[in-house]
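# Observations on the three-dimensional arrangement
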Amino acid sequence: MTQHWWHVAISWALAAAGFGIMAWLAASRHAAAKRRLALFGPRERRQG
Amino acid sequence: MKLSRKKRRLWIVVLAGLGLGTATALTLTAFQDNLVFFLAPSEIAARNPGPERAFRLGGLVEAGSLVKNTTPDGRPEARFRVTDGPATVPVTYVGVLPDLFREGQGVVTLGKLSPDGEFRASEVLARHDETYMPPEVADALKRTGHWDPKEGAPPPAASWNTMQPAPVRQGS
Amino acid sequence: MRGVSTPAPSSPRPLAATAPRGGGGLHRFANPGRFLRLTDRLLPWLWALAVAVTGAGAAWALFFSPPDWQQGETVRIMYVHVPMAWLAMGGYAGLAVASLMSLIWRHPLADVAARELSPVGAMVTALCLATGSLWGRPMWGTWWAWDARMTSVLVLFFLWVGHAALVRAFDEEERGARAGAILALIGAINLPVIKWSVDWFNTLHQSASVTRISAPGMHVDMLYPLLVCALGFTLLFAALVLARVRAAVMEKRLRQMQLAQARRQEGAA
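Structural notes, computed from the coordinates. From a predicted model like this one, the values you see are computed outputs, not experimental measurements. Here the residue numbering is sequential within each chain, running from 1 through the sequence in written order. Labels follow written order: the first chain is A, the first ligand is 1, and so on. Whole-chain, interface and lining totals are the exception, using all residues; otherwise, since this is a predicted model, local features are given only for residues with pLDDT of at least 70 and side-chain atom pairs are given and counted only at 80 or more. Remark: hydrogens and water are excluded; side-chain values derive from all non-hydrogen atoms of the structure.

### Points about the pattern of salt bridges
Counted as salt bridges are all cases of a side-chain nitrogen of Lys or Arg within 4 Å of a carboxyl oxygen of Asp or Glu. One pass over the structure, following the stated rule, counts 13 salt bridges over all chains. A salt bridge links Arg29(A) to Glu251(C); its shortest N-O distance comes to 2.9 Å. With one member in each of two chains, Arg29(A) in helix H1 (residues 3-38) and Glu251(C) in helix H7 (residues 220-268) form a pair that bridges those chains. Each of the two residues, Arg29(A) as well as Glu251(C), counts as buried. Here Asp40(C) and Arg246(C) are joined by a salt bridge, their closest N and O atoms 3.5 Å apart. Here Arg246(C) lies in helix H7 and Asp40(C) lies in helix H1 (residues 32-63), a separation of 206 residues in the sequence. Buried residues are those whose accessible area, probed at 1.4 Å on protein chains only, stays under 20% of the maximum for their type, while exposed residues exceed 50% and partly exposed ones sit between those limits. With a relative accessible area of 6%, Arg246(C) lands in the buried category. Taken together, the shared-partner salt bridges in this structure form one network comprising Arg29(A), Glu116(C), Arg244(C) and Glu251(C). Think of it this way: any DSSP run of H or I at least four residues long counts as a helix, any run of E at least two long counts as a strand, and we number them from the N terminus.

Structure, rendered in structure tokens:
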């Protein structure tokens, strides 16, 4: 792989990593909130 | 009552925005001279930076002006002229030129202007113009005589940005 | 995870149906239950579409688009760099709009949106700077130059990071949101500076290629994959922000319920 392709590959890998990490963070936040809301039981369902 | 509070907030934001915008515009205008990244050859006479001060010189590499040598100690040396149309400055540079360095292309060099009028560069950066085209299209434009990259910018984009040169296209 | 276990702040502006009247139809979306139900159905489709479009755009850009006659294969960095630059600026315009709605109409969802927008905006701006650097090294011959374009984008990055930090710096959420909104609006003056820096000043960075759709200075074989990539990354950006706002709304409701439960237990004791 030439140096030019390395720079292209690193650029795309950085973008994939950035969006991937942010998506994982959002998903885990969402899952944690959902799990803890479920502890309040059916009352939470009624409010929603 | 509620509406008037909202209106008042709206007016405060609009006035603050106007003030901030004016202040920024004035600041940018006042400091425009200090915000330039490089001087064009025709601006040098007016600014006269002197032989002691390092500054950046930018413009197009003049067609046919590039001469590559090797210094006595074996390092690559380049001589070329930088032009912006009205004025031209000869430049010498010892070092490796960037990939995009070409005659007819933009360049920004950092260095000092010696008293004999020659610019001794310690750093050369290539500028890229805002055109993107596949090699086949560039070849077709060159072949049909519509564009010589050494002479500067390509013809208007509308004439080539949908071109699909499979065979050699004459004329058009 | 930030925010989940922090003690509940006594927000005088709850995210409930008590939104002030007269703020236009947008207050319909201030109802958190309706927002959660709507996005629960919308978000999976948005993610799927975003991943599909970005994937197609990436394949087109990396393998099925021509090299540039001068830059060769390195031009494929453009298909990430340019969408990141557009998103960094477009996202900031969105932040400014949310800040206006927060300051003037006190829209309750605008604060949450602004708060969840800025970390994503900081990320795309960082990606714009990093890919620009990786592109500049082989093409210009330098990783970085202090020209007007690059400096103003660096300022944009600091504005994003500053906003993200400022809205989280106050114990009282509303004061943080107010301070952040003011910072965001002041910083919006940077957007026209970025946009026209390459025309107003001598810069190392070239001028815009895609200005008028009629005659962009870019061949269509590169323009079309660029537009697909831009659409894909925009959808990803939107999905990311929406998912974060969703999580934030749920966290807020969780804090309200914990508070209510604590009050009930106090009352029973």
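### Some thoughts on the interface of chain C and chain B
Residues are treated as being in contact if the distance between any of their heavy atoms lies within 4.5 Å. Every contact between the two is made by 49 residues of chain C and, on the other side, 45 residues of chain B. We define buried area as the total accessible area lost by two parts upon association, computed with a 1.4 Å probe and summed across both. The contact between chain C and chain B buries some 4000 Å² in all, and 61% of this surface belongs to carbon and sulfur atoms. Summed over the three residues of chain C that lose the most area to chain B, namely Trp69(C), Gln70(C) and Asn202(C), the buried surface amounts to 20% of that side. Summed over the shared surface of chain C and chain B, the number is zero salt bridges. A 3.5 Å cut-off defines polar contacts: any pair of N or O atoms within that distance qualifies, except that in protein one atom must be a possible hydrogen donor and the other a possible acceptor, and neighbouring residues in sequence count only when both atoms are side-chain atoms. At the surface where chain C touches chain B, the tally comes to 19 residue pairs in polar contact (both at pLDDT 80 or more). Broken down by secondary-structure element, the contributors of at least two residues to the side of chain C that touches chain B are helix H2 (78-104), helix H3 (108-139), helix H5 (173-187), helix H6 (190-200) and H7 of chain C.

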